[in-house]
Amino acid sequence: IELPRKYCRFYFMTLRGCERAKCWFWHVPQQGDEKVCMAILRTYISIKESGLLKRAVRIFVKYYREVTPGMDFDSQVLNDLLISLLKNCLLQEVFQILNVTVRINTLVAVDVLLKVFEHVASLNIRDAVPTLLGTFRKLIDAGMFLEFEHFDYIIKFLHQLQVSSQEVNIVLNIKSRYVFKELFYLVSSFFSKFAYIYPLLSSQHCKEKSDWTKLGALYVNARAGCEHFDDLQKLSFCIAEILTRDSETDRPGVPFCDFADAVIKNPQHNEADRIFIGRIGISVMYSYHKVLQWIKGRKVLDKLHELQIHFTVLKGLTGAERLASRCQIVNKAAEIFLKTGSLDGATWVLRESEWTTNAPLWPCDKMDILNRHNLLCTLVHKYLRKSLYRQAFEVLQNLPGFQNHSDTVDVSQYSCLFNKLINACFESKNLGVSSSAVDFMLSKNIAIDFFLLRGLITALGRSSLWSKARTYYKSALSLGCYPPLQGNLYQRLLTIPSYLSEVEMLLAIEIFLVSNASDIQSPMATSQTLQIILKRCEDQTVQNNSDYQAAVERLILAARVSDPKLFLKHMTMNVNMEEVYSLELTSALKWLQENMIWAGKVWLF
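Residues numbered from 1 in each chain as written. Predicted model: local features only at pLDDT ≥ 70, side-chain atom pairs only at ≥ 80, totals over all residues. Heavy atoms only, no water.

### Examining the packing of helix 23 (residues 466-479) against helix 27 (residues 585-603)
Reasoning step 1: Axis separation between helix 23 and helix 27 bottoms out at 11 Å; the angle between their running directions is 30 degrees. In terms of their interaxial angle, helix 23 and helix 27 are classed as roughly parallel. The residues of helix 27 that touch helix 23, namely those facing Arg470, Tyr473 and Lys474, are Trp598, Lys601, Val602 and Trp603.
Reasoning step 2: Along the lines of polarity and charge, the residues of the contact of helix 23 with helix 27 split into four nonpolar, no polar and three charged. (Axes fitted to C-alpha atoms, helices over the stretch in contact; angles between N-to-C directions. Helix = DSSP H or I, 4+ residues; strand = E, 2+ residues; numbered from the N terminus. Parallel < 35°, antiparallel > 145°, perpendicular 65-115°, else oblique. Contact = heavy atoms within 4.5 Å. Nonpolar A, V, L, I, M, F, W, Y, C, P; charged D, E, K, R; others polar.)

Rendered as structure tokens:
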């Protein structure tokens, strides 16, 4: 280094430096020698020796304590010095340099500041956080400009250090102030007459309801005068950032609601504003959902519903929700309603979206489908607990796989849920919903619990809903719910299991009559005998005869409830101790004469 006279060559040009107790030569560059100062610093940085870097810090601090940066100041040297100090873990020296830069109004590169945070976080130097945040605040006050993503990086490093919420809030509050300032400068470029609102936008927070109302009016007027779409989009993002920022606070109230009211109630608002409110509402809803603030998220959804804004066909405005599928957005909204105890609200938002999951214009991934499945199952169980069977059935019909075959969901897995609904309806004697559920299950080939299906057939018959009972009995036969009918035209013999109800027995007899109609109606029929055997179940021993005797009574009842009545005559008991009856031909003939027209259509398979 070419040093001017009176500069100590030992201090500036040797590794050991000057060791004299009292040196007559200069150890600090003099005013006007900034070029020399930069050359010395540049040389020390290139050598990369820890002792020289510390000496560089002393030289920089002492020199700029007396002078301000001039024409020869090189900001790259400053940034390189800080990077070298970080590489040598000289953190205290880094803070010394940064504090000097604040005093002389010379700011370091943003990347360098981020590297300081990264260094502290990577080495987990928790004790350095207060000093680091204090220095950060000074740099911001001195005019350092950061993009929003820079704040996100810093917050990520702070979370990595597991700092307190108060320390994180320091950065969040500075970020909030940035948003308001940017919004103000953007809007003021459109309308200088809105300068009166500067205190609102440059403040740390909007705190009063009137502030959010003014912000809504400000947006409508700014939008009306905006000639460039990019500017309007930037304005929208700024407002979205402000409103979603509320999820990071604990204050009461939901700013979005006041803002939305102000925009929609403004006579100048148009359809584009309604779309904007819907999109920003989605973003705000996501922000509350993320931090589990269910009540605030519910207020956002209630406001969108009140303003009749169909947000389920919109995308979010900021963050991940801009790319979210329709299925995911609806899932989040429905979950918020469920968390706040509103089953009707959850169902409303699902209906509003037409229960859409995957669609060409709204593609979603498997996780969205799984979340929808879990959400609807939860909804079904809650409806069942409240005995709201029709609502539960509506939800079941819209499980993934029913509305859209591209969901690639095996709908057979829903058998248990449907059967649970039918059982609940059966216990509550709600035949309407249980019948609809069975119809749906049959149409989708979903397995039905045979015990429940038999119970429904019996209940329908006992309620004189014979047409439905016959339809389900016929389906039950084809599904294997009952053993194959053993009556035929030649043997004219019907075996009825004793476990059947009187309704099922009568339906079996009807099939028997129709199957043997030609023989019964023949002139030679008087010599024919129609036999019915009441077959014992395996557990109905002769010693334990009470269940079998009850079955005998059901068989007699079945003949009695027939229209017209059928008459049975006891004939004998076979070797298996089973009762054998004959069906009186006159009553059988009369039954066929009155019923054969419809019975033939129903029972001739």
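### Digging into the layout of surface pockets
Reasoning step 1: Roughly 930 Å³ of volume is contained in the largest pocket.
Reasoning step 2: Lys175, Glu241, Thr244, Glu248 and Lys290 are, among the 31 residues lining the largest pocket, the residues nearest its centre.
Reasoning step 3: Sorting the residues of the lining of the largest pocket by element identifies helix 8 (148-160), helix 9 (165-190), helix 12 (229-244) and helix 14 (271-290) as the ones contributing at least two each.
Reasoning step 4: Among the elements that make up the lining of the largest pocket, the one with the highest residue count is helix 9 (six residues).
Reasoning step 5: Looking at which domains feed residues into the lining of the largest pocket, each of domain 1 (9-183) and domain 2 (198-324) supplies at least three. (1 Å grid on protein atoms, 1.4 Å probe; cavity = no way out; pocket = protein on both sides within 12 Å on 5 of 7 lines; lining within 4 Å. Points joined across faces, edges and corners; volume = space filled by probe spheres on them. Domains from an automatic or database assignment.)

### Let's talk about the environment of Ile336
Reasoning step 1: Among the structural elements, Ile336 can be located in helix 16 (residues 326-339).
Reasoning step 2: Accessibility expressed as a relative area gives 0% for Ile336, which makes it buried.
Reasoning step 3: It is 9.3 Å that separates the C-alpha atoms of Ile336 and Lys296, two residues lying 40 residues apart in sequence.
Reasoning step 4: Each residue touching Ile336, except ones within four places of it in the same chain, is listed here: Met285, His289, Trp294, Gly297, Arg298 and Leu301. (Buried < 20%, exposed > 50% of the residue type's maximum accessible area, 1.4 Å probe, protein only.)

### Describing the environment of Arg470
Reasoning step 1: Looking at the secondary structure, you find Arg470 in helix 23.
Reasoning step 2: Residue contacts for Arg470: discarding those within four places in its chain leaves Leu507, Glu510, Trp598, Val602 and Trp603.
Reasoning step 3: Reaching out from Arg470, the side chain makes a polar contact with the side chain of Glu510 at a distance of 2.8 Å. (Polar contact = N/O pair within 3.5 Å; in protein donor to acceptor, adjacent residues only side chain to side chain.)

### A short note on the pattern of salt bridges
Reasoning step 1: All told, the structure shown has 13 salt bridges when counted by the stated rule.
Reasoning step 2: The residue Glu502 makes a salt bridge to Arg462 at a minimum N-O spacing of 2.7 Å. Of the two residues, Glu502 sits in helix 24 (residues 502-515) while Arg462 sits in helix 22 (residues 450-462), which places them 40 residues apart along the sequence.
Reasoning step 3: With a relative accessible area of 55%, Arg462 lands in the exposed category.
Reasoning step 4: The shortest N-O distance in the salt bridge between Glu510 and Arg470 comes to 2.8 Å. Of this pair, Glu510 sits in helix 24 while Arg470 sits in helix 23, and the two are 40 residues apart along the sequence. Neither residue differs from the other here; Glu510 and Arg470 are each classed as buried.
Reasoning step 5: Here the salt bridges share partners, and the residues they tie into one network are Asp261, Lys303 and Glu306. (Salt bridge = Lys/Arg side-chain N within 4 Å of Asp/Glu carboxyl O.)

### Here we look at the packing of aromatic side chains
Reasoning step 1: According to the stated counting rule, one finds 18 aromatic pairs in the structure shown.
Reasoning step 2: Seen in terms of ring centroids, Tyr7 and Phe12 are 5.7 Å apart; in terms of plane orientation they differ by 45 degrees. Their pairing is tilted.
Reasoning step 3: Residue classification places Tyr7 among the buried residues on the basis of a relative accessible area of 3%.
Reasoning step 4: Overall, the relative accessible area of 1% leaves Phe12 in the buried class.
Reasoning step 5: Aromatic ring contacts, followed pair by pair, group Phe393, Phe402, Tyr414, Phe418 and Phe440 into a single cluster.
Reasoning step 6: Cation over ring: Arg55 sits above Tyr11, and NZ or CZ is 5.3 Å from the ring centre.
Reasoning step 7: Here the guanidinium or amino end of Arg536 rests over the ring plane of Tyr548, the centre of that ring lying 4.0 Å away. (Phe/Tyr/Trp six-rings, centres within 6.5 Å; stacked < 30°, edge-to-face > 60°. Lys NZ or Arg CZ within 6 Å of the ring centre and 35° of its normal.)

### A word on unusual backbone geometry
Reasoning step 1: Residue Pro564 is bonded to the preceding Asp563 through a cis peptide linkage, with omega at -5 degrees.
Reasoning step 2: Note on placement: Pro564 falls in the loop between helix 26 (546-561) and strand 3 (568-573).
Reasoning step 3: You will see that Ser464, though not glycine, has its phi angle at about 65 degrees, which is positive.
Reasoning step 4: Here Ser464 is to be found in the loop between helix 22 and helix 23.

### A closer look at the packing of helix 18 (residues 366-385) against helix 20 (residues 415-427)
Reasoning step 1: Where helix 18 contacts helix 20, the axes come no closer than 11 Å and their chain directions differ by 10 degrees. Considered as vectors, helix 18 and helix 20 are oriented roughly parallel to each other. Seen from helix 18, the contacting residues are Cys377, Val380, His381 and Leu384; seen from helix 20, they are Leu417, Lys420, Leu421 and Ala424.
Reasoning step 2: Of the residues that constitute the contact of helix 18 with helix 20, the class distribution is six nonpolar, one polar and one charged.

### A word on the sheet that holds strand 1 (residues 493-497)
Reasoning step 1: Spatial ordering of the open sheet is given by 1-2-4-3, a layout of four strands whose pairing is mixed. In the strand order of this sheet, the two ends are held by strand 1 and strand 3, each with one partner. Strand-to-strand twist of the sheet, defined as the mean angle between neighbouring strand axes without regard to direction, takes the value 30 degrees.
Reasoning step 2: For strand 3 and strand 4 (residues 579-583), the ladder comprises five bridges, and the chain directions are antiparallel. Bridged to Leu568 within strand 4 is Leu583.
Reasoning step 3: The strands touched by helix 26 within the sheet are strand 1, strand 2 (530-535), strand 3 and strand 4, with strand 2 carrying the most contacts at an inclination of about 145 degrees. (Pairing = 2+ DSSP bridges.)

### A word on helix 14
Reasoning step 1: An ideal rise of 1.5 Å per residue puts 28 Å on 20 residues; helix 14 measures up with 29 Å between its terminal C-alpha atoms.
Reasoning step 2: Within helix 14, 15 of the 20 residues are buried, which leaves it mostly tucked inside the rest of the structure. (Expected span 1.5 Å × (residues − 1).)

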